[in-house]
Amino acid sequence: MPDAGPVIRMLRNDRMIVAAAITFAVLASTAFILAGGGTGMSVFGMAGETGPAGALLGRTPDMAMPSLWSPAYALVIFFMWWMMMIAMMVPSAAPTILLYGALNSAKGPGGPLLFALGYLAAWAAFSLIATLMQCALATLGLMSSMFMTLARPSLGAAVLIGAGLYQFTPLKAACLDHCRGPVEALTRHRRTGRAAAFRMGFLHGGYCLGCCWALMALLFVGGIMNIWWVLGIAIYVALEKLAPAGDRLARPMGAVLVVAGGALMLRVFGVV
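The numbering scheme is per chain: residues are counted from 1 as the chain's sequence reads. Local features in a predicted model are, by the rule used here, given only for residues with pLDDT of at least 70; side-chain atom pairs are given and counted only at 80 or more, and totals for whole chains, interfaces and linings are based on all residues. Side-chain numbers here rest on the full set of heavy atoms in the structure, without hydrogens or water.

A.B. asks: Sorry if this is basic, but what is going on with helix 7 (residues 153–166) here?
C.D. replies: Secondary structure follows DSSP: runs of H or I at least 4 residues long count as helices, runs of E at least 2 residues long count as strands, and numbering of each begins at the N terminus. Expected span of a helix: the number of residues minus one, times 1.5 Å. Here helix 7 contains 14 residues, and its C-alpha end-to-end distance of 20 Å stays within 8% of the 20 Å for a straight helix at 1.5 Å per residue. Here the term buried applies to any residue with accessible area under 20% of the maximum for its type, exposed to any over 50%, and partly exposed to those in between, with areas from a 1.4 Å probe on protein chains only. Taken together, the buried positions of helix 7 are G156, A157, L160, A163, G164 and Y166.

A.B. asks: Would you take a moment to explain helix 10 (residues 196–217) for this structure?
C.D. replies: Residue pairs three or four apart in sequence face the same way in an α-helix, which turns once every 3.6 residues. For helix 10, with 22 residues, the first-to-last C-alpha span of 30 Å sits near the 32 Å given by 1.5 Å per residue. Bend, in this description, refers to the angle at a residue between axes fitted to the seven residues ending there and the seven starting there. By the largest-angle criterion, C211 marks the main kink of helix 10, which is about 50 degrees.

A.B. asks: Explanation requested: the packing of aromatic side chains in the structure shown.
C.D. replies: To describe a pair of aromatic rings, you give the distance between the ring centres and the angle between the ring planes. Aromatic pairs are defined between Phe, Tyr and Trp rings, using the six-membered ring for Trp, whenever the two ring centres lie within 6.5 Å; interplanar angles under 30 degrees are classed as stacked, those over 60 as edge-to-face, and all others as tilted. Across all of its chains, the model carries nine aromatic pairs by this definition. Here Y166 and W213 contribute two aromatic rings whose centre-to-centre distance is 5.1 Å and whose plane-to-plane angle is 65 degrees, an arrangement assigned as edge-to-face. In this pair, Y166 sits in helix 7 while W213 sits in helix 10, placing the two residues 47 residues apart along the sequence. One aromatic cluster is present, built from ring pairs that chain together W81, W123, F126 and F220.

A.B. asks: Whenever I open this one, the layout of surface pockets confuses me. Can you help?
C.D. replies: Summary: where empty space remains is shown by rolling a probe the size of a single water molecule over the atoms. Volume-wise, the largest pocket comes out at about 330 Å³. Within this scheme a cavity is a closed region of a 1 Å grid, computed over the protein atoms alone, that accommodates a 1.4 Å probe without allowing it to escape, whereas a pocket is open but has protein on both sides within 12 Å along at least five of seven lines; lining residues each have an atom within 4 Å of a point. Looking at the largest pocket, it is lined by 15 residues, and the ones nearest its centre are M133, V159, W213, A217 and F220. Taken together, the elements giving at least two residues each to the lining of the largest pocket come down to helix 6 (110–139), helix 7 and helix 10. Broken down by element, the lining of the largest pocket gets its largest block of residues, five residues, from helix 6. Residues are grouped as follows: Ala, Val, Leu, Ile, Met, Phe, Trp, Tyr, Cys and Pro are nonpolar; Asp, Glu, Lys and Arg are charged; every other residue, Gly included, is polar. Counted by class, the lining of the largest pocket contains 14 nonpolar, one polar and no charged residues. Of the pockets and cavities examined, the second largest pocket occupies roughly 200 Å³. For the lining of the second largest pocket, the elements supplying multiple residues, two or more each, are helix 12 (227–242) and helix 13 (250–268). Grid points are joined across faces, edges and corners, and a volume is the space filled by probe spheres set on the points.

A.B. asks: Help me out: how do you make sense of the environment of G37 in this one?
C.D. replies: Turning to its location among the elements, G37 is positioned in the loop between helix 2 (14–34) and helix 3 (43–50). For G37, the residues in contact, after removing those within four places along its chain, are F32, V76, M80 and M225. Residues count as neighbours in contact if any of their non-hydrogen atoms are within 4.5 Å of one another.

A.B. asks: Honestly, the environment of A214 in this entry has me stumped. Any pointers?
C.D. replies: Tracing the backbone shows A214 in helix 10. Taking relative accessible area as the criterion, A214 reaches 3% and is therefore assigned buried. Apart from residues no more than four positions distant in its own chain, A214 is found in contact with A163 and Y166.

A.B. asks: Can you help me understand the pattern of salt bridges in this one?
C.D. replies: Between side chains of opposite charge, a pair can form as their charged atoms come close. Here, a salt bridge means any side-chain nitrogen of Lys or Arg that lies within 4 Å of a carboxyl oxygen of Asp or Glu. Scanning the entire structure with this criterion turns up two salt bridges. Note that K172 and E240 form a salt bridge whose closest N and O atoms lie 2.7 Å from each other. You can see K172 sitting in helix 8 (residues 170–180) and its partner E240 sitting in helix 12, a full 68 residues away along the chain. No difference in accessibility class separates K172 from E240, as the two residues are buried.

The structure is reproduced here in C-alpha coordinates:
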(Lines give C-alpha, C1' and ligand atoms only; values in the text may rest on other atoms or scores of the structure.)
Protein backbone atom coordinates (compact mmCIF):
# COMPACT_ATOMS: atom_id res chain seq x y z
CA MET A 1 0.00 0.00 0.00
CA PRO A 2 1.46 3.40 -0.95
CA ASP A 3 2.37 5.81 1.80
CA ALA A 4 -0.42 8.24 2.70
CA GLY A 5 0.11 11.85 1.72
CA PRO A 6 0.93 14.52 4.32
CA VAL A 7 -2.65 15.85 4.35
CA ILE A 8 -4.11 12.38 4.96
CA ARG A 9 -1.59 11.70 7.72
CA MET A 10 -2.43 15.02 9.38
CA LEU A 11 -6.17 14.34 9.21
CA ARG A 12 -5.58 11.02 10.95
CA ASN A 13 -3.94 12.81 13.83
CA ASP A 14 -7.10 14.04 15.52
CA ARG A 15 -5.22 15.25 18.56
CA MET A 16 -3.05 17.55 16.46
CA ILE A 17 -6.06 19.09 14.75
CA VAL A 18 -7.90 19.72 18.02
CA ALA A 19 -4.78 21.11 19.73
CA ALA A 20 -4.17 23.42 16.78
CA ALA A 21 -7.77 24.65 16.89
CA ILE A 22 -7.55 25.32 20.64
CA THR A 23 -4.25 27.16 20.24
CA PHE A 24 -5.64 29.29 17.43
CA ALA A 25 -8.76 30.17 19.45
CA VAL A 26 -6.69 31.25 22.46
CA LEU A 27 -4.18 33.24 20.41
CA ALA A 28 -6.87 34.93 18.32
CA SER A 29 -8.97 35.89 21.34
CA THR A 30 -5.88 37.11 23.20
CA ALA A 31 -4.86 39.26 20.23
CA PHE A 32 -8.40 40.67 20.06
CA ILE A 33 -8.31 41.68 23.72
CA LEU A 34 -4.81 43.15 23.50
CA ALA A 35 -6.01 45.21 20.53
CA GLY A 36 -8.70 46.75 22.73
CA GLY A 37 -11.55 44.28 22.30
CA GLY A 38 -13.22 46.51 19.72
CA THR A 39 -13.80 49.27 22.28
CA GLY A 40 -11.07 51.58 21.02
CA MET A 41 -9.42 51.49 24.46
CA SER A 42 -5.84 50.39 25.08
CA VAL A 43 -5.38 47.58 27.59
CA PHE A 44 -1.72 48.54 27.95
CA GLY A 45 -2.65 52.16 28.55
CA MET A 46 -5.19 51.14 31.17
CA ALA A 47 -2.70 48.80 32.85
CA GLY A 48 -0.13 51.58 32.95
CA GLU A 49 -2.66 54.03 34.37
CA THR A 50 -4.05 51.81 37.14
CA GLY A 51 -1.22 49.34 37.77
CA PRO A 52 -1.59 45.79 39.11
CA ALA A 53 -3.75 46.98 42.01
CA GLY A 54 -6.52 48.04 39.66
CA ALA A 55 -8.45 51.27 39.38
CA LEU A 56 -10.73 50.76 42.34
CA LEU A 57 -8.04 49.55 44.75
CA GLY A 58 -5.22 51.81 43.62
CA ARG A 59 -7.05 55.08 43.18
CA THR A 60 -10.50 56.63 43.21
CA PRO A 61 -12.35 56.03 39.92
CA ASP A 62 -13.76 58.98 38.03
CA MET A 63 -17.26 60.08 38.86
CA ALA A 64 -19.36 58.02 36.51
CA MET A 65 -22.31 59.57 34.72
CA PRO A 66 -25.37 57.56 33.70
CA SER A 67 -25.02 56.44 30.09
CA LEU A 68 -27.26 54.65 27.63
CA TRP A 69 -25.78 51.99 25.37
CA SER A 70 -26.61 51.48 21.74
CA PRO A 71 -27.25 47.89 20.54
CA ALA A 72 -24.04 48.08 18.49
CA TYR A 73 -21.95 49.03 21.53
CA ALA A 74 -23.60 46.30 23.61
CA LEU A 75 -22.62 43.78 20.92
CA VAL A 76 -19.01 45.02 21.05
CA ILE A 77 -18.95 44.62 24.84
CA PHE A 78 -20.44 41.13 24.56
CA PHE A 79 -17.71 40.00 22.16
CA MET A 80 -15.11 41.64 24.38
CA TRP A 81 -16.31 39.59 27.35
CA TRP A 82 -16.58 36.38 25.31
CA MET A 83 -13.13 36.69 23.77
CA MET A 84 -11.73 37.44 27.22
CA MET A 85 -13.37 34.30 28.63
CA ILE A 86 -11.94 32.22 25.78
CA ALA A 87 -8.46 33.58 26.38
CA MET A 88 -8.73 33.03 30.15
CA MET A 89 -10.62 29.72 30.38
CA VAL A 90 -9.77 27.58 27.34
CA PRO A 91 -6.12 26.94 28.37
CA SER A 92 -7.23 25.29 31.61
CA ALA A 93 -10.00 23.38 29.78
CA ALA A 94 -7.72 22.13 26.99
CA PRO A 95 -6.72 18.88 28.78
CA THR A 96 -10.40 17.93 29.20
CA ILE A 97 -11.17 18.72 25.56
CA LEU A 98 -8.24 16.58 24.41
CA LEU A 99 -9.23 13.82 26.84
CA TYR A 100 -12.74 13.78 25.41
CA GLY A 101 -11.21 13.35 21.96
CA ALA A 102 -9.07 10.44 23.19
CA LEU A 103 -12.07 8.73 24.80
CA ASN A 104 -14.14 9.19 21.64
CA SER A 105 -11.47 8.75 19.00
CA ALA A 106 -13.89 6.90 16.71
CA LYS A 107 -15.73 10.18 16.13
CA GLY A 108 -12.62 11.82 14.69
CA PRO A 109 -11.75 15.48 15.35
CA GLY A 110 -15.38 16.54 14.98
CA GLY A 111 -16.29 15.20 18.43
CA PRO A 112 -13.80 17.18 20.53
CA LEU A 113 -14.31 20.28 18.37
CA LEU A 114 -18.06 20.13 19.05
CA PHE A 115 -17.24 19.58 22.73
CA ALA A 116 -15.13 22.74 22.63
CA LEU A 117 -17.95 24.66 20.93
CA GLY A 118 -20.35 23.57 23.66
CA TYR A 119 -17.86 24.73 26.27
CA LEU A 120 -17.55 28.11 24.56
CA ALA A 121 -21.33 28.38 24.34
CA ALA A 122 -21.57 28.12 28.13
CA TRP A 123 -19.14 31.01 28.51
CA ALA A 124 -21.02 32.93 25.83
CA ALA A 125 -24.05 32.71 28.11
CA PHE A 126 -21.97 34.08 30.98
CA SER A 127 -20.66 36.85 28.72
CA LEU A 128 -24.21 37.85 27.86
CA ILE A 129 -25.09 38.09 31.56
CA ALA A 130 -21.91 40.08 32.27
CA THR A 131 -22.75 42.45 29.40
CA LEU A 132 -26.27 43.01 30.72
CA MET A 133 -24.89 43.68 34.20
CA GLN A 134 -22.33 46.14 32.86
CA CYS A 135 -25.02 47.88 30.84
CA ALA A 136 -27.27 48.17 33.88
CA LEU A 137 -24.45 49.54 36.03
CA ALA A 138 -23.52 52.06 33.34
CA THR A 139 -27.14 53.16 33.02
CA LEU A 140 -27.29 53.73 36.78
CA GLY A 141 -24.00 55.64 36.77
CA LEU A 142 -22.21 52.97 38.81
CA MET A 143 -19.51 52.15 36.24
CA SER A 144 -16.44 54.26 35.53
CA SER A 145 -16.24 54.93 31.80
CA MET A 146 -12.53 55.69 32.02
CA PHE A 147 -11.40 52.51 33.80
CA MET A 148 -14.36 50.17 33.08
CA THR A 149 -14.65 49.39 36.76
CA LEU A 150 -17.18 49.96 39.51
CA ALA A 151 -17.37 53.64 40.44
CA ARG A 152 -18.28 53.03 44.09
CA PRO A 153 -15.59 51.50 46.34
CA SER A 154 -18.31 50.11 48.57
CA LEU A 155 -19.64 48.04 45.66
CA GLY A 156 -16.13 46.82 44.92
CA ALA A 157 -15.68 45.80 48.54
CA ALA A 158 -18.97 43.88 48.41
CA VAL A 159 -17.86 42.02 45.26
CA LEU A 160 -14.52 41.11 46.85
CA ILE A 161 -16.19 39.81 50.00
CA GLY A 162 -18.87 37.94 48.03
CA ALA A 163 -16.32 36.31 45.74
CA GLY A 164 -14.23 35.34 48.75
CA LEU A 165 -17.16 33.78 50.60
CA TYR A 166 -18.15 31.83 47.49
CA GLN A 167 -14.76 30.09 47.62
CA PHE A 168 -15.93 28.36 50.82
CA THR A 169 -19.27 27.08 49.47
CA PRO A 170 -20.10 23.43 48.70
CA LEU A 171 -21.14 24.46 45.16
CA LYS A 172 -17.66 25.85 44.50
CA ALA A 173 -16.08 22.66 45.84
CA ALA A 174 -18.35 20.38 43.77
CA CYS A 175 -17.73 22.31 40.55
CA LEU A 176 -13.99 22.40 41.18
CA ASP A 177 -13.95 18.64 41.79
CA HIS A 178 -15.68 18.13 38.44
CA CYS A 179 -13.14 20.30 36.63
CA ARG A 180 -10.21 18.58 38.33
CA GLY A 181 -11.51 15.04 37.66
CA PRO A 182 -12.43 15.01 33.97
CA VAL A 183 -12.18 11.22 33.51
CA GLU A 184 -14.84 10.52 36.13
CA ALA A 185 -16.94 13.47 34.97
CA LEU A 186 -16.88 12.48 31.28
CA THR A 187 -17.76 8.91 32.19
CA ARG A 188 -20.56 9.81 34.60
CA HIS A 189 -22.16 12.38 32.29
CA ARG A 190 -21.68 10.45 29.07
CA ARG A 191 -24.23 11.36 26.39
CA THR A 192 -25.23 9.65 23.16
CA GLY A 193 -26.64 11.00 19.93
CA ARG A 194 -25.51 13.39 17.23
CA ALA A 195 -25.37 16.42 19.52
CA ALA A 196 -23.79 14.52 22.44
CA ALA A 197 -20.39 16.18 22.15
CA PHE A 198 -21.84 19.69 22.14
CA ARG A 199 -24.13 18.92 25.10
CA MET A 200 -21.28 17.43 27.13
CA GLY A 201 -19.09 20.42 26.33
CA PHE A 202 -21.85 22.77 27.41
CA LEU A 203 -22.30 20.76 30.62
CA HIS A 204 -18.58 20.89 31.35
CA GLY A 205 -18.63 24.62 30.66
CA GLY A 206 -21.49 24.96 33.13
CA TYR A 207 -19.41 23.31 35.84
CA CYS A 208 -16.45 25.56 35.03
CA LEU A 209 -18.78 28.53 35.17
CA GLY A 210 -20.02 27.39 38.58
CA CYS A 211 -16.41 27.12 39.69
CA CYS A 212 -15.14 30.45 38.36
CA TRP A 213 -17.98 32.95 37.86
CA ALA A 214 -17.25 34.79 41.12
CA LEU A 215 -13.58 35.09 40.20
CA MET A 216 -14.58 36.59 36.85
CA ALA A 217 -16.75 39.12 38.69
CA LEU A 218 -13.52 40.47 40.20
CA LEU A 219 -12.87 42.13 36.83
CA PHE A 220 -15.53 44.66 37.80
CA VAL A 221 -13.30 45.57 40.74
CA GLY A 222 -9.85 45.75 39.15
CA GLY A 223 -10.94 46.84 35.70
CA ILE A 224 -12.64 44.77 33.02
CA MET A 225 -9.78 45.44 30.60
CA ASN A 226 -6.97 45.63 33.14
CA ILE A 227 -4.45 43.17 31.68
CA TRP A 228 -2.91 42.57 35.12
CA TRP A 229 -6.20 41.31 36.52
CA VAL A 230 -7.04 39.30 33.39
CA LEU A 231 -3.66 37.56 33.49
CA GLY A 232 -3.69 37.08 37.26
CA ILE A 233 -7.15 35.52 37.33
CA ALA A 234 -6.33 33.27 34.36
CA ILE A 235 -3.16 31.99 36.05
CA TYR A 236 -4.97 31.39 39.33
CA VAL A 237 -7.81 29.50 37.59
CA ALA A 238 -5.27 27.28 35.81
CA LEU A 239 -3.47 26.53 39.09
CA GLU A 240 -6.72 25.79 40.88
CA LYS A 241 -7.82 23.33 38.19
CA LEU A 242 -4.58 21.76 37.02
CA ALA A 243 -2.01 21.92 39.85
CA PRO A 244 -1.64 18.70 41.92
CA ALA A 245 -2.97 20.40 45.08
CA GLY A 246 -4.89 23.15 43.33
CA ASP A 247 -8.10 22.42 45.19
CA ARG A 248 -6.35 23.49 48.41
CA LEU A 249 -5.96 27.01 47.03
CA ALA A 250 -9.68 27.81 47.04
CA ARG A 251 -10.14 28.55 50.74
CA PRO A 252 -6.91 30.56 51.23
CA MET A 253 -7.82 32.64 48.18
CA GLY A 254 -11.28 33.12 49.63
CA ALA A 255 -9.78 34.37 52.87
CA VAL A 256 -7.52 36.80 50.98
CA LEU A 257 -10.48 38.20 49.05
CA VAL A 258 -12.60 38.62 52.18
CA VAL A 259 -9.78 40.41 53.99
CA ALA A 260 -9.14 42.66 50.96
CA GLY A 261 -12.84 43.46 50.71
CA GLY A 262 -13.04 44.18 54.43
CA ALA A 263 -10.02 46.48 54.27
CA LEU A 264 -11.54 48.36 51.34
CA MET A 265 -14.83 48.69 53.21
CA LEU A 266 -13.02 50.08 56.25
CA ARG A 267 -11.30 52.60 54.01
CA VAL A 268 -14.67 53.61 52.55
CA PHE A 269 -15.99 54.42 56.03
CA GLY A 270 -12.79 56.21 57.00
CA VAL A 271 -11.75 53.70 59.64
CA VAL A 272 -8.28 53.27 58.07
